[in-house]
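Below are the chains, spelled out letter by letter.
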Amino acid sequence: MNDAVPTILLVDDEPINLEILTEYLEDSDYRIESAGDGQQAWALLEAEPERFDVVMLDRMMPGMTGTQVLARMKQHPLLDSVPVILQTALSARGDVLEGLQAGAYYYLTKPFDQEMLLSVVATAVEDRQRYRQAQEDSKLAGRTFGLMREASFSFRDLDAARDLARVLANACPDPMRAAIG
């Protein structure tokens, strides 16, 4: 799991944009890393997929675009849940919709409003931390249930039976083999 300080990856081919983003975020409690293009960003993400809590991608970059990086992240089992904020000058409704449909967490248009940027990043970081905590809780439950040799459960209605089945299925090494009996 990631250390206590959330890490934000900023990706933009324009150095001035990276400077602005860094300046806006520098007083927040984040570790900031940057990449100057999509290929560099992908290399960082692929090398350490659990390192970053949020990725801010410029949508339009030469070589590998932000949308292409986002598509690769959505195909990667450890990167698919990382919140990606697309940032771009493209603000037409169709462009925003396309970015969100591609899996972006948020679509931020340039020029940036610092307060909006900070709010979006903070929310994305909180969501990522909740997701990671849920993963840890699930792993703990799985390890705990793995110690069990036998159990007895009581339930009063179908909803309680479904809840129990869901918990037991998620705790099993092969949840597809668990079924309501």
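Check the entry above for the structure.
What this report covers is the structure whose coordinates are included nearby. Given the structure is predicted, the values throughout are model-derived calculations rather than measurements.

Time to look at unusual backbone geometry. With an omega dihedral of 0 degrees, the bond running from Lys110 to Pro111 counts as a cis peptide bond. Here Pro111 lies in the loop between strand S5 (106-109) and helix H5 (114-146).

Any two packed helices are characterised by how steeply their axes cross, that is the angle between the axes, and by the distance between the axes. Here helix H2 (residues 38-47) crosses helix H3 (residues 66-75) at 20 degrees, and the two axes come no closer than 9 Å. In terms of orientation, H2 lies roughly parallel with respect to H3. The two elements H2 and H3 meet at a crossing, and its hand is right-handed. Listed contacts from H3 to Gly38, Trp42 and Leu45 of H2 are Val69, Arg72 and Met73.

Another point: the pairing of strand S1 (residues 7-11). Burial of S1 is extensive: five of the five residues sit out of reach of the surface. Every second residue of S1 is oriented toward a common face, with Thr7, Leu9 and Val11 on one face and Ile8 and Leu10 on the other, all of them buried. In this structure, S1 lies alongside strand S2 (residues 31-35), joined through five bridges in parallel fashion. Counted as the bridge partner of Ile8 is Ile32 from S2. Crossover S1 to S2 through helix H1 (residues 15-25) is right-handed.

This next bit is on the pattern of salt bridges. Applying the stated rule across the entire model yields seven salt bridges. Between Arg51 and Glu33 there is a salt bridge; the shortest N-O distance is 2.2 Å. Of this pair, Arg51 sits in the loop between H2 and strand S3 (54-58) while Glu33 sits in strand S2, and the two are 18 residues apart along the sequence. With its nearest N and O atoms 3.2 Å apart, the salt bridge here joins Asp53 to Arg132. Residue Asp53 is located in the loop between H2 and S3, and its partner Arg132 is located in helix H5; the two are separated by 79 residues in the primary sequence. For Asp53, a relative accessible area of 3% puts it in the buried group. What you see here is one network of salt bridges that share partners, running through Asp12, Asp58 and Lys110.

Analysis parameters
- Residues numbered from 1 in each chain as written.
- Predicted model: local features only at pLDDT ≥ 70, side-chain atom pairs only at ≥ 80, totals over all residues.
- Heavy atoms only, no water.
- Helix = DSSP H or I, 4+ residues; strand = E, 2+ residues; numbered from the N terminus.
- Axes fitted to C-alpha atoms, helices over the stretch in contact; angles between N-to-C directions.
- Parallel < 35°, antiparallel > 145°, perpendicular 65-115°, else oblique.
- Left-handed = near helix turned anticlockwise from the far one by under 90°.
- Contact = heavy atoms within 4.5 Å.
- Buried < 20%, exposed > 50% of the residue type's maximum accessible area, 1.4 Å probe, protein only.
- Pairing = 2+ DSSP bridges.
- Right-handed = clockwise from strand over helix to strand, strands pointing away.
- Salt bridge = Lys/Arg side-chain N within 4 Å of Asp/Glu carboxyl O.

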